[in-house]
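# Examining the three-dimensional arrangement
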Amino acid sequence: MSILVIKDLHAEVDGKEILKGVNLEIKGEETHAIMGPNGTGKSTLASVVMGHPKFTVTKGSITLDGKNVLDMEVDERARAGLFLGMQSPAEVPGVTNSDFIKTAMNSRLEDGKNVSLFKFIVEYDKAVAELKMNEDLPHRYLNEGFSGGEKKRNEILQMKMLKPTIAILDEIDSGLDVDALKVVGENVTAMKNDNLGLLLITHYQRLLEYIKADFIHVMMKGKIVKSGNMDLMERIDTEGYDWIKEELGIEDERVIVEEEEERVLLGVCATKEALDL
């Protein structure tokens, strides 16, 4: 069973501190959800855990099974078992969807070893069918011309194939209609096991109707300010966040305004960079 431990994590971009002391522990078989208004640092946390180069960690630690994640490059973090389902997946023309996933799977094996082509095709086709995606998917370029819903399902396809031990899904529900959300939720739920820890970043209760969370956390001012169970989520859904702000004496919950957030999170596409595109 893997365990991701985040202790007193502080991070900044362009000299502006965004994460201000995040503490979180995720174990295999647990599902955590982070909620909160826009601009409170939720997506920044996901980016920092995966090693986005725009962010500088100034204090604190991240460990995965006792190993220092902050010492790892992005690809090393992925090979160690971390996975990020992105809020806005990039399009990568010239690289087919199947080649991308097969290359990612091979990169996690020992040098000289490759995934069996027959096994890959069988598993890939099964995953595509379970996600109700088009049969021509293997031959399409990665996310090119995909709808928002197709891109999100493609992130879950990658997760199904790579089988991470800790998966972070950043607003995987945004852009999905009710039917697509149900498919994504059922597939993620089906992947739950003792060896998978999940972190869901979301604004809405509807995702948690399909993927049940064991722990709900609220993020404001760049850190987790309140934690609880599904009762907390239900109260947020009916009353919003104002009662939490009032309870904690918070006037402005944001650490980054929306224009800055868009600028910060776009940056360089790690996928394109890794493939020299």
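Residues numbered from 1 in each chain as written. Predicted model: local features only at pLDDT ≥ 70, side-chain atom pairs only at ≥ 80, totals over all residues. Heavy atoms only, no water.

### Some details on the nonpolar core
Ranked by size, the top nonpolar core spans 52 residues in total, and within it Leu 157, Leu 169, Leu 208 and Ile 216 carry the most contacts. Per element, the largest residue contribution to this core is 6 residues, and it comes from helix α6 (residues 178-191). Apart from the residues within four sequence positions on either side, Leu 169 is in contact with Phe 83, Gly 85, Ile 156, Met 159, Val 188, Leu 198, Leu 199, Leu 200 and Ile 201. Among the nonpolar cores identified, the runner-up in size contains 30 residues, and Met 50, Ile 62, Leu 84 and Ile 168 belong to it. (Core = buried A, V, L, I, M, F, W, Y, C linked by side-chain atoms within 4.5 Å. Buried < 20%, exposed > 50% of the residue type's maximum accessible area, 1.4 Å probe, protein only. Helix = DSSP H or I, 4+ residues; strand = E, 2+ residues; numbered from the N terminus. Contact = heavy atoms within 4.5 Å.)

### With respect to the sheet that holds strand β10 (residues 197-201)
The 6 strands lie next to each other as β6-β9-β10-β3-β11-β12, forming an open sheet whose pairing is mixed. Looking at the sheet topology across the chains shown, the edges are occupied by β6 (82-85) and β12 (223-228). For this sheet, the mean angle separating the axes of adjacent strands, direction not counted, is 20°. In this sheet, strand β9 (residues 166-170) lies alongside β6 in parallel orientation, the contact comprising 4 bridges. Residue pairing in the sheet places Leu 84 in a bridge with Ile 168 of β9. Taken strand by strand, helix α1 (residues 42-50) contacts β3 (31-35), β6, β9, β10 and β11 (215-220), and its axis lies near 145° from that of β6. (Pairing = 2+ DSSP bridges. Axes fitted to C-alpha atoms, helices over the stretch in contact; angles between N-to-C directions.)

### Notes on the layout of surface pockets
The volume enclosed by the second largest pocket comes to roughly 260 Å³. Lining the second largest pocket are 14 residues, and of these Met 159, Lys 160, Met 161, Lys 163 and Met 191 lie nearest its centre. Breaking the lining of the second largest pocket down by element, the ones donating at least two residues are α4 (117-130), α5 (148-162) and α6. Per element, the largest residue contribution to the lining of the second largest pocket is 4 residues, and it comes from α4. For the lining of the second largest pocket, a count of residues per class yields 7 nonpolar, 2 polar and 5 charged. (1 Å grid on protein atoms, 1.4 Å probe; cavity = no way out; pocket = protein on both sides within 12 Å on 5 of 7 lines; lining within 4 Å. Points joined across faces, edges and corners; volume = space filled by probe spheres on them. Nonpolar A, V, L, I, M, F, W, Y, C, P; charged D, E, K, R; others polar.)

### Quick word on the pattern of salt bridges
In the structure shown here, the tally under the stated rule is 14 salt bridges. Note that Lys 182 is salt-bridged to Glu 186, the shortest N-O span being 2.6 Å. Note that Lys 182 and Glu 186 are positioned in helix α6 at a spacing of 4 residues, about one turn of the helix. The partly exposed category is assigned to Glu 186, whose relative accessible area is 40%. One salt bridge connects Arg 235 with Glu 239, and the closest N-O pair in it is separated by 3.3 Å. Here Glu 239 and Arg 235 lie together in helix α8 (residues 230-239), a separation of 4 residues that amounts to about one turn. Since its relative accessible area comes to 46%, Glu 239 is described here as partly exposed. (Salt bridge = Lys/Arg side-chain N within 4 Å of Asp/Glu carboxyl O.)

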